[in-house]
Structure formats: structure tokens, C-alpha cells
Amino acid sequence: MRTSIATVCLSGTLEEKLTAIAAAGFDGVEIFENDLLASPLSPERIRDRAAELGLAIDLFQPFRDVEAVPEDLLARTLRRAEKKFAVMERLGADLMLVCSSVSPAALDDDALAAEQLRLLAERAAAHGIRIAYEALAWGRHVNTYDHAWRIVRQADHPALGICLDSFHILSRGSDPKGIEEIPGEKIFFLQLADAPLMAMDVLQWSRHYRCFPGQGGLDVAGLLEHVLRTGYEGPLSLEVFNDVFRQGDTARTAVDALRSLIALEEAAGRTDLPAPVVPTGFAFAELASTGPELPALLTELGFARTGRHHSKPVELWEQGDARIVLNSGLDATTGHPEPALAAIGLETSDPAASAGRARALLAPVLPRHRAVADAPLDAVAAPDSTELFFCRTEHPDHPSWTGDFTPRAASAAPAGITHIDHVALTQPRHHFDEASLFYRTVLGLRPHESLELADPYGLLRSRAVSGADGSVRLALNVAQIRPDSGPSGSLRQHIALHSRDIVATARRLWELGAPPLPIPGNYYDDLEARHELDPGLHRTLRELGLLYDQDDGGSFLHLYTATVGRVFFEVVQRIDGYQGYGAANAPVRLAAQHARVR
Ligand SMILES: O=C(O)c1ccc(O)c(O)c1
Ligand SMILES: [Mg+2]
């Protein structure tokens, strides 16, 4: 289907917005009037620029406070409309959005509303323009789509139709099934927006928190299916008012926006994308590493240096199925000034298909051979710019990245680590919504609840995404904390390693003189109040500095190492199918990490 986007969704000048919208690959735009008013370009220049970029101007909006005014105000409204029709002719736009009146002057009179909209449509038609009438969720008298449709039907003019906006319909809890009663040709335009579920005034919710479909909690895909059943053939257009996107990188937001529409079309059965190939595990985590700290930390954690890359300054460290790649050649080329997570290898059954899906969803595909290994690896850049490699480790049907490492005799005393449990990535402030959409659509991972965790100097927002069986789990974090609150405070990333016996792992760390992050005694007093733990277990937790959590089925023990550069390790033990990440303990852990660097 044709794709379109309202200029209000993006940051920047009108010129910057049009350029980004075209570059992302949209077919058209809705010109938001404010963007036009603030632009130094004449309507003719804007029309030419859009044409040069291959963009149709699908709609001009909004025209406000039209219907059901007392007779003496009608002449002024029509005069105002004529001025805007003239601008639209210069722009080459032939569809005007009229949103339902919020004016105290508007009367609660459907027959009058229909009569005046009919008059407006007649005037518009004389200019070859059509009117799409939209019910704002906070309209004074008209605030539901079915009410707007009754008025449009009553007005009965070929140049008057309805504009459906998923936010206005779903935010009020209207049943979208009724859309199917509207003939498709009377739906002149469809605007799509999602929003996180929040209990707040609907106007504030709409103006500040809308997001692209799939990023919030509204069933936009379900609504689209009802619309498509009417035979609607117009564009799918995004209209999002969002405080974060207003400040974001224009080109990047435009790509994020189009990705949301591609995924929405897929959900509605309107496109054939390559199916997601859900990763089945972590092949490796690659850290940019200079200096002795990370090798020392890995040794303490029981890892063995098992391989050396045959041509690059890269080492493979292993324990059980956990593989860590230390790359000391990255700082010069990619500008990692300190130890940081550079890449994640994801195990998939078909790396080429994973990459094909990623490409179809506009993920930035990285050139091959930038990999740690020389084996051909397909890779894409995640929203936080971590490189994601699609791997098939040591299967006869595919070259394995491990083949590029020369094995070394390993001599380490393992500490019970079995595999990488999860990896926590730091999202740039403005890319949190983009990140969860990216992982859901590109990799087929399921987003979990979005959490806000208290940090002594701010707030950590965190959202996990995981495969259905939990074999791949990523925590997407944004730290909104005071920048001077410690080194890399807002940029920390971590790798969580699963231990089959975390008590033994913790004792070993103590014996090696590398004890876990110190946890205050107050935490253990509270733990005793919250849970009826076995006294022996409680004593052990306190003694070793282990954190504890429970969910419906199971329990969770975890500990944290020191931070090196931007990176630290967590060791976790999941017992009886515990599914979470110990979020209840995050505030204590974050405070302890600040205390440790002071
Ligand atoms: O917030 C508004 O005023 C507004 C304007 C035009 C729209 O299409 C809309 O959905 C909301
Ligand atoms: Mg709208």
C-alpha cells in the first residue's frame, strides 16, 4: 500500500523533513500547516521540492473549528477556508483535513454541522479539493468516529468524506469494528498512531506521547484490518506527536517510522516479508578491550583463553557455552576509547534469512568481513550501534566463525558458568521506542513491560525483549541520570552469565580477592521482611553479597562485578523457571555501583 507521514512527526525544518521522508522511502506526506507557516519556501517551491523528491502531497492539515457555528461565524469560516484552498492549489494538495470543532461557539446540532460541512465541501470542490472530516477525541460535540461518519453521511456530498485516526478511536476505547459499516470510498484518509497505555488526559496523551504503530499498547493492526475490509485504498499515513521524536535525528526517525508501517502491513497480511528467524542463543559477545582488566576479570570468572584469531588481535575466551571475544584492535579503528561491548553474535538457524529479514525492515546492514572472524558473517547495526552478527556456530551446514581461531591449550578452573543469559544494551536517549520495535520486528523477539527503575542520580528505563523460549534475552536500557554522577554512568552495558551454582561462583570470587559488588545490610533486612527465606539461605546471601528475587514460579540469585570502562558482568542463577531480571533489586544495585566508583 502507499505510505505517507505527517511532517509533524519529525524534527527539523520542512525542507529537512521532506528530504528525510523521501530518503527513508515514503510515497507521500501530510503537510502540517505549522511547518508550512514557518518555512521560508513558498508553496510552489514546496510543491516542486516534493516532486523532485518523488513525494506526493497527500493531505494538508489541520483546518479547525468549522462545523455547527452560529450563522454570523459561518461567513468568516468560509473566507478562511477560501484562503487555505488557494494555498493548497499552490501546493498542489487536493485533500484537506478538517478536525472536529473544539470551539465553545460550536453548537450541539448534527443537522447544522452536516449542512455547514456540505457547504464547505461544495466550495472545496470548486477548487478540485476534497475534505476529510476527523473526530478529535476531545472534540467539543463530535469526538467519536461513528458520530463524525453520521454527519458526513447526512451531508452527503461527493467531496466530503471521513478521516480515521487510530489514536482518536482507540484512545477512547471505541470499538473499531463499526468502521466496517463505512463504505471504503467514503474513507478519504487513514492516519495511524500508537501510544503507550497511560491514565491521563487524552489531549495531553495525544500531543506528547503518540508513537509509531507497534511501539505502544494500542491495537493498531487490528484497527487496520477493519479499515481494509471496507475496501479503503488510500495511503497508510503516520501522524505522531511525540516530544522525543521532535528532538530526534530526522533521518533516523523517518526510517523508524517506515519500519513500523512495513511491520504493520505484514501484520495485516498485506506484504510478504521474509519470516523472522528468531535467534536461539548467543554465539558470543565481543568486547573492545585494551589493557589487562577484562582478561583479569574473565579469569576470575573462570573463563579460559581458548583461541587466538589467526590474523587479528582478537582472543576467544570460553566457559561452558559462554563465549567472549576480546578485541584489542577495535579502539584504533572504531574509536572505542575504553572497554565496551562492540558486537553480539546471535545464533540463528539461517543467517542469510535473518539478514534478509533485517534488510526488508530497513535495518542498517553492515558490510561483510568486518566480523571478528573471516568466515562470512551477516551483520546489522542495532539502534545503539552495537553490531549484531547472525551466526551458526559449529554446524556442518554453514561456515563457523570459530574456525578462524587457532585453539590454545586452556588452563582454567571453571566457575560454573554455563552460557550467556542476557545482554543489557544502552540505548541512546532518543532511541528507546525505536529499539523495542527494531528487536520485535527484525529479530522476532517479544517485548516485555517497560520499567522505570530508580537510580540515586536519575532514572533507568528498561525493557527486556526475548525469544519465546527465553534462550535469547536482551535488556534495553536508557539511563536518564546526571551526567556527572560517575564514569560512564549513563552508558554502562553488561553481560549476564548464567551459573549453575552461583553460591560457588561467589565464593570463588571472594577467594580470589575480587568480591561481588558490595550490597548494603539494609537490603538484607528488607529481603527478610519481604520473603520468608530459609535462614541458612538468607545468611549466605548476606555473607556473599548476592541479590535475590522471586516470581510466580521460581527464584533468582544474582551478583555484579566491578565495571571496566563501560562494561560489567552480572552472574545469575535462574531456579525453577524464573523469567525476570531481578528488576526489584535494580535501585540497590545502581546505588552500589555509584558508591563503588566514588
Ligand atoms: O492535536 C491536534 O490538534 C490534532 C490535529 C490534527 C490531527 O489530525 C490530529 O489527530 C490531532
Ligand atoms: Mg489525526
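What you are looking at is a predicted structure, and each value in this text was computed from that prediction instead of being measured. (Residues numbered from 1 in each chain as written. Chains lettered and ligands numbered in written order. Predicted model: local features only at pLDDT ≥ 70, side-chain atom pairs only at ≥ 80, totals over all residues. Heavy atoms only, no water.)

Here we come to the overall build of the protein chain. When helices and strands are tallied, the protein chain shows 18 helices and 25 strands. With respect to the three principal axes, the spread of C-alpha positions in the protein chain is 90 × 55 × 40 Å. A separation of at least 24 residues holds for 74% of the contacts in the protein chain among residues at least 6 apart in sequence. Accessible surface for the protein chain amounts to roughly 23500 Å². Of this, 50% is attributable to carbon and sulfur atoms. (Helix = DSSP H or I, 4+ residues; strand = E, 2+ residues; numbered from the N terminus. Contact = heavy atoms within 4.5 Å. Areas by Shrake-Rupley, 256 points an atom, 1.4 Å probe, with all protein chains shown as cover.)

When cut into domains, the protein chain gives domain 1 (3-267), domain 2 (284-407) and domain 3 (417-597). One C-alpha centre belongs to domain 1, the other to domain 3; they are set 43 Å apart. Taken together, the two surfaces of domain 1 and domain 3 that pack against each other cover about 1000 Å², and 55% of this comes from carbon and sulfur. When the area that domain 1 buries against domain 3 is broken down by residue, the three leading residues are Gln-215, Arg-252 and Arg-259, summing to 46%. Counting every contact that joins domain 1 to domain 3 gives one salt bridge. A salt bridge links Arg-252 to Glu-434; the shortest N-O distance between them is 3.0 Å. For the interface between domain 1 and domain 3, the tally reads three residue pairs in polar contact (both at pLDDT 80 or more). (Domains from an automatic or database assignment. Buried area = accessible area lost by both parts, 1.4 Å probe. Salt bridge = Lys/Arg side-chain N within 4 Å of Asp/Glu carboxyl O. Polar contact = N/O pair within 3.5 Å; in protein donor to acceptor, adjacent residues only side chain to side chain.)

Turning next to unusual backbone geometry. Pro-62 follows Gln-61 through a cis peptide bond whose omega is -10°. Checked against the element boundaries, Pro-62 lands in strand 3 (residues 56-63). One non-glycine residue, Asp-156, lies in positive phi territory at about 50°. Counting through the fold element by element, Asp-156 comes out in the loop between helix 6 (145-155) and strand 6 (160-165). Using a relative accessible area of 57% as the deciding quantity, one classes Asp-156 as exposed. (Buried < 20%, exposed > 50% of the residue type's maximum accessible area, 1.4 Å probe, protein only.)

Now for the packing of helix 16 (residues 521-530) against helix 17 (residues 535-544). Running from N to C, helix 16 and helix 17 cross one another at 165°; their axes reach a closest spacing of 10 Å. Judged by the inter-axis angle, helix 16 sits roughly antiparallel to helix 17. Every pair of crossing elements has a handedness; the one defined by helix 16 and helix 17 is right-handed. In this structure, helix 16 contributes Gly-521, Tyr-524, Asp-525, Leu-527 and Glu-528 to the contact, and helix 17 contributes His-538, Leu-541 and Arg-542. By residue class, the composition of the contact of helix 16 with helix 17 is three nonpolar, two polar and three charged. (Axes fitted to C-alpha atoms, helices over the stretch in contact; angles between N-to-C directions. Parallel < 35°, antiparallel > 145°, perpendicular 65-115°, else oblique. Left-handed = near helix turned anticlockwise from the far one by under 90°. Nonpolar A, V, L, I, M, F, W, Y, C, P; charged D, E, K, R; others polar.)

Within the protein, Glu-134 (OE), Asp-165 (OD), Gln-191 (OE1) and Glu-239 (OE) serve as the donor atoms for the magnesium ion (ligand 2), at 2.0 to 2.1 Å. Geometry at the magnesium ion (ligand 2) is octahedral, judged from the six donor atoms that bind it and their angles of 77 to 175° at the metal. Read in sequence order, the donor residues for the magnesium ion (ligand 2) give the motif E-x30-D-x25-Q-x47-E. One end of the pair, Gln-191, is in strand 7 (residues 187-192); the other, Glu-239, is in the loop between strand 8 (236-238) and helix 10 (250-267), with 48 residues separating them in the sequence. (Donors = N, O, S within 2.8 Å, 3.2 Å for Na, K, Ca; no water. Tetrahedral: all angles 85-135°; square planar, octahedral: opposite > 155°, others 65-115°.)

Another aspect to go through is the UniProt feature "binding site: a divalent metal cation" (unreviewed entry) in the protein chain. Per the UniProt record, "binding site: a divalent metal cation" (unreviewed entry) is annotated on Glu-134, Asp-165, Gln-191 and Glu-239. Taken along the chain, the residues just named run across 106 residues; in space they keep tight, none of their C-alpha pairs more than 12.8 Å apart. Of the residues examined, Asp-165 reaches a relative accessible area of 2% and is grouped as buried. Ignoring anything within four residues of it in the chain, the contact list for Asp-165 reads Glu-134, Gln-191, Arg-210 and Glu-239. (UniProt positions renumbered as here; feature names shortened; annotations may be inferred.)

Right, let's get into the sheet that holds strand 13 (residues 340-347). With respect to topology, nine strands assemble into an open sheet ordered 14-15-16-13-9-12-11-10-17, the strand pairing being mixed. Among the strands making up the open sheet, the edge pair consists of strand 14 (365-366) and strand 17 (405-407). Two elements, strand 9 (residues 281-288) and strand 12 (residues 322-327), share four bridges in a ladder whose sense is parallel. Residue pairing in the sheet places Ala-285 in a bridge with Ile-324 of strand 12. (Pairing = 2+ DSSP bridges.)

On to the sheet that holds strand 19 (residues 446-455). Across the sheet, eight strands lie side by side as 19-20-21-18-22-25-24-23; this open sheet has mixed pairing. At either margin of the open sheet sits one strand with a lone partner, and together these are strand 19 and strand 23 (547-550). Within this sheet the neighbouring strands show an average axis-to-axis angle of 25°, counted without direction. Across six bridges, the pairing between strand 22 (residues 493-499) and strand 25 (residues 567-575) is parallel. Its bridge partner lying in strand 25, His-494 is registered against Phe-568. Along the sheet face, helix 14 (residues 432-443) touches strand 18 (417-426), strand 19, strand 20 (458-466) and strand 21 (473-481) and points at about 175° away from the line of strand 21.

This model, assessed by the stated rule, comprises 10 aromatic pairs. For the pair Phe-438 and Tyr-439, a centre-to-centre distance of 5.2 Å together with 80° between the ring planes defines the contact as edge-to-face. Both residues of the pair, Phe-438 and Tyr-439, belong to the buried class. Ring pairing ties together the aromatic residues Phe-284, Phe-389, Trp-401 and Phe-405, which thus form one cluster. Seen from the ring of Phe-188, Arg-130 lies directly overhead, with NZ or CZ sitting 4.0 Å from the centre. We note Arg-574 situated over the ring of Tyr-581; from NZ or CZ to the ring centre the distance is 5.5 Å. (Phe/Tyr/Trp six-rings, centres within 6.5 Å; stacked < 30°, edge-to-face > 60°. Lys NZ or Arg CZ within 6 Å of the ring centre and 35° of its normal.)

A separate point is the UniProt feature "binding site: Mg(2+)" (unreviewed entry) in the protein chain. UniProt records the feature "binding site: Mg(2+)" (unreviewed entry) for His-422, His-494 and Glu-570 in the present numbering. In terms of the greatest pairwise C-alpha distance, the residues named above, spread along 149 residues, form a tight cluster of at most 9.3 Å across. With respect to the helices, strands and loops of the structure, His-422 is situated in strand 18. Within the secondary structure layout, His-494 lies in strand 22. When residues no more than four places from it in sequence are discounted, the contact partners of His-494 are His-422, Val-423, Ala-424, Phe-568, Glu-570 and Arg-589.

Turning our attention to the site of ligand 1. Arg-64, Glu-134, His-168, Arg-207 and Glu-239 are the nearest of the 14 residues found near ligand 1. At a separation of 3.2 Å, an oxygen atom of ligand 1 approaches a polar side-chain atom of Gln-191. Protein chains shield 99% of the accessible area of ligand 1, which is 290 Å² for the free molecule. Partitioned by chemical class, the residues of the shell around ligand 1 number five nonpolar, three polar and six charged. (Near = heavy atom within 4 Å.)

Next up on the list: the confidence of the model for the protein chain. Looking at the protein chain as a whole, its pLDDT mean stands at 94, while 96% of the residues score no less than 70. Here the prediction assigns the complex a pTM of 0.93, and the interface score ipTM is 0.99. (pLDDT = per-residue confidence, 0-100.)

Turning to the environment of Leu-298, a few remarks are in order. Position of Leu-298 relative to the elements: it lies in helix 11 (residues 293-300). Distance in space between the C-alpha atoms of Leu-298 and Asp-165 is 53 Å, their sequence separation being 133 residues. Apart from the residues within four sequence positions on either side, Leu-298 is in contact with Phe-303, Trp-317, Ile-324, Leu-326 and Phe-569.

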